[in-house]
Amino acid sequence: MATGAVGAGAPAWPRTVAVIGAGTMGLGVAEQFAAAGLTVRITDRSPEATAQAYDRLMQRVRGHAAAGIMPPEAVERCAAVTANPDLAATVDGVDFIFEAVFEQQEVKDDVLARLSRAARPDAVIVSNTSSFPIDDLAEHVLNAERFLGLHWFNPPEWTPGVEVIPHDTTDPAAVTQVVAFLRAIGKRPAVVRSAPGFVANRIQNALFREALACVQDGLASPREVDEVCRSTFGFRMPFFGPFLIADMAGLDVWESAAGTMERAYGERFQMPPILHDLVAQGKLGTKTGAGFFTYTPEERDQLLLERDRRYAALNELLARLPPIVAGTDDREE
Ligand SMILES: NC(=O)c1ccc[n+]([C@@H]2O[C@H](COP(=O)([O-])OP(=O)(O)OC[C@H]3O[C@@H](n4cnc5c(N)ncnc54)[C@H](O)[C@@H]3O)[C@@H](O)[C@H]2O)c1
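Attention in this report is confined to the structure presented alongside it.

1. Some words on the state of the cysteines
Phase 1: For the structure shown, the criterion picks out zero disulfides.
Phase 2: Counting only cysteine sulfurs, Cys214 is the nearest neighbor of Cys229, a cysteine outside any disulfide, at a range of 7.8 Å.

2. Things to note about helix α11 (residues 242–249)
Phase 1: Those residues of α11 lying buried are Ile245, Ala246, Asp247 and Met248.
Phase 2: On the buried face of α11, the contacting elements are α10 (233–236), α12 (251–265) and α14 (297–320).
Phase 3: Gly250 occupies a position one or two residues after α11 and carries a positive phi of about 115°.

3. Considerations on the packing of aromatic side chains
Phase 1: Following the criterion strictly, the structure yields 14 aromatic pairs and no others.
Phase 2: Ring centres of Phe96 and Phe181 lie 5.4 Å apart, and the angle between their planes is 75°; on these two criteria the pair is classed as edge-to-face. Here Phe96 is found in strand β4 (residues 96–99), whereas its partner Phe181 is found in helix α7 (residues 172–184), with 85 residues between them in sequence. Exposure class is identical for Phe96 and Phe181. Each is buried.
Phase 3: With a centroid separation of 6.1 Å and 50° between ring planes, the pair formed by Phe239 and Tyr311 is classed as tilted. Of this pair, Phe239 sits in the loop between α10 and α11 while Tyr311 sits in helix α14, and the two are 72 residues apart along the sequence.
Phase 4: Cluster of aromatic residues (ring-pair linked, three or more members): Trp13, Phe33, Phe96, Phe98, Trp152 and Phe181.

4. Points about the site of the ligand
Phase 1: Around the ligand, 20 residues are found, and the nearest of them are Met25, Asp44, Glu103, Lys108 and Ser130.
Phase 2: A distance of 2.8 Å separates an oxygen atom of the ligand from a polar atom in the side chain of Arg45.
Phase 3: Take Val101: an N or O atom from its main chain is 3.4 Å from an oxygen atom of the ligand.
Phase 4: Here the ligand loses 79% of its free accessible area of 830 Å² to cover by the protein chains.
Phase 5: Those elements giving two or more residues to the shell around the ligand turn out to be α1 (24–35) and α5 (105–118).
Phase 6: By residue number, the principal contributor to the shell around the ligand is α5, which donates three residues.
Phase 7: Considered class by class, the residues forming the shell around the ligand number eight nonpolar, eight polar and four charged.

5. Details of the sheet that holds strand β1 (residues 16–20)
Phase 1: Taking strand neighbours across the sheet as the criterion, the eight strands line up as β3-β2-β1-β4-β5-β6-β7-β8 in an open arrangement whose pairing is mixed. Every interior strand has two partners, whereas the edge strands, β3 (82–83) and β8 (188–191), have only one.
Phase 2: Across four bridges, strand β6 (residues 147–151) lies against strand β7 (residues 161–166) in antiparallel orientation. Note on β7: the bridge partner recorded for His151 is Glu163.

6. Comments concerning the pattern of salt bridges
Phase 1: Summed over the entire model, instances satisfying the criterion amount to 14 salt bridges.
Phase 2: A salt bridge links Arg120 to Asp95; the shortest N-O distance between them is 2.9 Å. Linking Arg120 in the loop between α5 and β5 (124–127) with Asp95 in the loop between α4 (87–91) and β4, this pair joins segments that are 25 residues apart in sequence.
Phase 3: Exposure remark for Arg120: the relative accessible area of 28% places this residue in the partly exposed category.
Phase 4: The class for Asp95 is buried, based on a relative accessible area of 12%.
Phase 5: Here Glu210 and Arg268 are joined by a salt bridge, their closest N and O atoms 2.5 Å apart. Of the two residues, Glu210 sits in helix α8 (residues 200–216) while Arg268 sits in the loop between α12 and α13 (273–280), which places them 58 residues apart along the sequence.
Phase 6: Among the residues examined, Glu210 registers a relative accessible area of 18% and is labelled buried.
Phase 7: Take Arg268: its relative accessible area is 43%, and that puts it in the partly exposed class.
Phase 8: Among the charged side chains, a network of salt bridges with common partners joins Glu31, Arg60 and Glu157.

7. Description of the layout of surface pockets
Phase 1: Roughly 630 Å³ of internal volume is contained in the second largest pocket.
Phase 2: What lines the second largest pocket is a set of 32 residues, among which Gly21, Gly23, Ala100, Val101 and Phe102 lie closest to the centre.
Phase 3: Considering each element in turn, the lining of the second largest pocket owes the most residues, four residues, to α5.
Phase 4: Grouping the constituent residues of the lining of the second largest pocket by class yields 13 nonpolar, 13 polar and six charged.

Conventions adopted
- Residues numbered from 1 in each chain as written.
- Predicted model: local features only at pLDDT ≥ 70, side-chain atom pairs only at ≥ 80, totals over all residues.
- Heavy atoms only, no water.
- Disulfide = S-S within 2.5 Å.
- Buried < 20%, exposed > 50% of the residue type's maximum accessible area, 1.4 Å probe, protein only.
- Helix = DSSP H or I, 4+ residues; strand = E, 2+ residues; numbered from the N terminus.
- Contact = heavy atoms within 4.5 Å.
- Phe/Tyr/Trp six-rings, centres within 6.5 Å; stacked < 30°, edge-to-face > 60°.
- Near = heavy atom within 4 Å.
- Polar contact = N/O pair within 3.5 Å; in protein donor to acceptor, adjacent residues only side chain to side chain.
- Areas by Shrake-Rupley, 256 points an atom, 1.4 Å probe, with all protein chains shown as cover.
- Nonpolar A, V, L, I, M, F, W, Y, C, P; charged D, E, K, R; others polar.
- Pairing = 2+ DSSP bridges.
- Salt bridge = Lys/Arg side-chain N within 4 Å of Asp/Glu carboxyl O.
- 1 Å grid on protein atoms, 1.4 Å probe; cavity = no way out; pocket = protein on both sides within 12 Å on 5 of 7 lines; lining within 4 Å.
- Points joined across faces, edges and corners; volume = space filled by probe spheres on them.

Below is the structure:
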């Protein structure tokens, strides 16, 4: 099961959580929290929206249980979630508050101000914002030292990565507590600084910009671009990030390719100096024993073997899975 903590006992903290805004993200997060054994409350912007959110939560978890990707007890645990349209009553006395309302500045500011006034003074409050600087949101939170950004990805039950984003005066103890909680429920948190797009969306948007440009320039259709991405560099990314991939490829090779693209496409392809500095020092990656990381000969051999083992396993998994839907999966054609 992808939800690591299901059946493994609930984490020690938090015991009670409130999810504010039960849409695409809030519902998935509520499902995972409930499945992990936490006491969960949800609220939305009206009595009707809150009642519908509860129905959608049940539909969602039943679908997952029927597909065998959530255990049967997750259905009972979600049935025990309480749905109340009253924001203050929803956050009253809980340990942890997850805000996932619309990505609109005035809505977030208002909801964060109201919920932080109604919350226990030591309740940890997080916002799932995808784009607003956490320092700006913190200005609306009472006792902002217990506030931080917590950027989950869709679908939240299954995407392991979560960006943890403290602002300037977040209490480091709150960060430690939240990181431990995320790990306990099977997530892979990374603490990053607050800046527009944080880390994930900044990189994802750069990829999307170039994908659009390839189509706009007539190089390939959207289907061909998707195929290239998922089957080449994207195929490697379940296991490795860009730095380890670059180390295994050779930083001199990447620097040279980067130069070709910079000459062709200009400033947007200019590499930050960190790459040129490493190459100038002879740190070319695994082949020289150092690049962004360092490797003994044994570590390098082990890395390359484990890489190949994972790629072989992923190819087998892809061959075994059923097709997705017509139009998105080339095996359907
Ligand atoms: N959808 C994604 O892929 C994604 C990924 C990461 C982060 N986020 C962020 O998560 C947040 C929620 O996004 P979403 O995709 O779930 O949006 P959504 O529109 O599906 O859900 C937002 C929910 O908030 C509710 N809401 C709005 N105002 C409210 C209020 N005043 N009080 C209570 N509830 C209120 C809405 O009725 C709705 O159910 C946003 O900040 C978004 O940027 C979204």
